[in-house]
Amino acid sequence: MLIVASISCSSLSQYWQKRAALLFAAQPDLSTLEKILSKPLILGIIFLGLGAIFWLGVLSQWDVSVAYPLLSCNFVIMLLISKFAFNESVSPRQWCGVGLIVLGVAFLGGINQFL
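Every value quoted in this text rests on a predicted model; they were computed, and no experiment measured them.

Draft legend 1. Looking closely at the overall build of the chain. Counting its regular elements, the chain contains six helices and zero strands. When the helices and strands of the chain are read in sequence order from the N terminus, they spell out α-α-α-α-α-α. Reported as C-alpha extents along the three principal axes, the dimensions of the chain are approximately 55 × 35 × 15 Å. With 115 residues in all, the chain has 29% of them scored as buried. Contacts spanning at least 24 positions in sequence make up 66% of the contacts within the chain whose residues lie at least 6 apart. As displayed, the chain offers around 7,700 Å² of accessible surface, 70% of which is attributable to carbon and sulfur atoms.

Right, dumping it as structure tokens:
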């Protein structure tokens, strides 16, 4: 469950960082203090910190060689978020890349345990 929490928090951090970037672009007159205290930036930082804490828990229980490749699941999650939350276009090439990432994670994460 720690790996799921770590990946989820990391993805949520990226989501809120994008929201912060969009806010700053839409409101270029915000002061530095207003940017620092903005909800999207604060949430991005909170989720980044939580993700790091959960990741430390993962590393205390798992081999890095197994755990680290699983972090690439963030690529999959963020591609889906970019498509559905931010309405960004996602090319077939990007979908193929994500498919290859999933395949790579399966091999590195120990799919041979299930074969």
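Draft legend 2. Quick look at the side chain of Ser-72. With respect to the helices, strands and loops of the structure, Ser-72 is situated in the loop between helix H4 (64-70) and helix H5 (73-84). Here the side chain of Ser-72 touches Pro-69 through a polar contact of 2.5 Å, landing on its backbone oxygen.

Draft legend 3. Here's a closer look at the packing of helix H1 (residues 2-26) against helix H3 (residues 39-61). Interhelical geometry of H1 versus H3 gives an angle of 160 degrees and a closest axis separation of 7 Å. Relative to H3, H1 is oriented roughly antiparallel. Crossing of H1 over H3 shows left-handed handedness. When the residues that make up the contact of H1 with H3 are grouped by side-chain class, the tally is 18 nonpolar, seven polar and two charged.

Draft legend 4. Structural detail: the environment of Val-4. Its place among the elements puts Val-4 in helix H1. For the pair Val-4 and Gln-27, spaced 23 residues apart in sequence, the C-alpha to C-alpha distance is 34 Å.

Draft legend 5. Structural view of the environment of Ile-3. By the element assignment, Ile-3 lies in helix H1. Each C-alpha atom, one on Ile-3 and one on Leu-22, is 29 Å from the other, the two residues being 19 residues apart in sequence.

Analysis parameters
- Just so you know, the residues in each chain are numbered from 1, in the order the chain's sequence is written.
- Residue-level local features of this predicted model are given only where pLDDT is at least 70; pairs of side-chain atoms are given and counted only at 80 or more, and the full residue set underlies all totals for whole chains, interfaces and linings.
- Excluded from the side-chain calculations are hydrogens and water; all other atoms, namely the structure's heavy atoms, are used.
- Numbered from the N terminus, helices here are DSSP runs of H or I no shorter than four residues, and strands are runs of E no shorter than two.
- In this scheme, a residue with accessible area under 20% of its type's maximum is buried, one over 50% is exposed, and one in between is partly exposed, where area comes from a 1.4 Å probe on protein chains only.
- Whether two residues are in contact is decided by their heavy atoms: any pair within 4.5 Å suffices.
- Residue-level accessible areas treat just the shown protein chains as cover; the underlying method is Shrake-Rupley with a 1.4 Å probe.
- Polar contacts, as counted here, are pairs of nitrogen or oxygen atoms within 3.5 Å of one another; within protein the pair requires one atom able to donate a hydrogen and one able to accept it, and residues that are adjacent in sequence qualify only if both atoms are side-chain atoms.
- Axis lines are fitted through C-alpha atoms, for helices just across the contact stretch, and the angle between N-to-C directions can take any value from 0 to 180 degrees.
- Any angle from 65 to 115 degrees is called roughly perpendicular, while one under 35 is roughly parallel, one over 145 is roughly antiparallel, and all others are oblique.
- Handedness of a crossing is defined here by the sense of rotation of the near helix relative to the far one, left-handed for an anticlockwise turn of less than a right angle and right-handed for a clockwise turn.
- Residue classes follow a fixed rule: Ala, Val, Leu, Ile, Met, Phe, Trp, Tyr, Cys and Pro count as nonpolar, while Asp, Glu, Lys and Arg count as charged, and any other residue, Gly among them, counts as polar.

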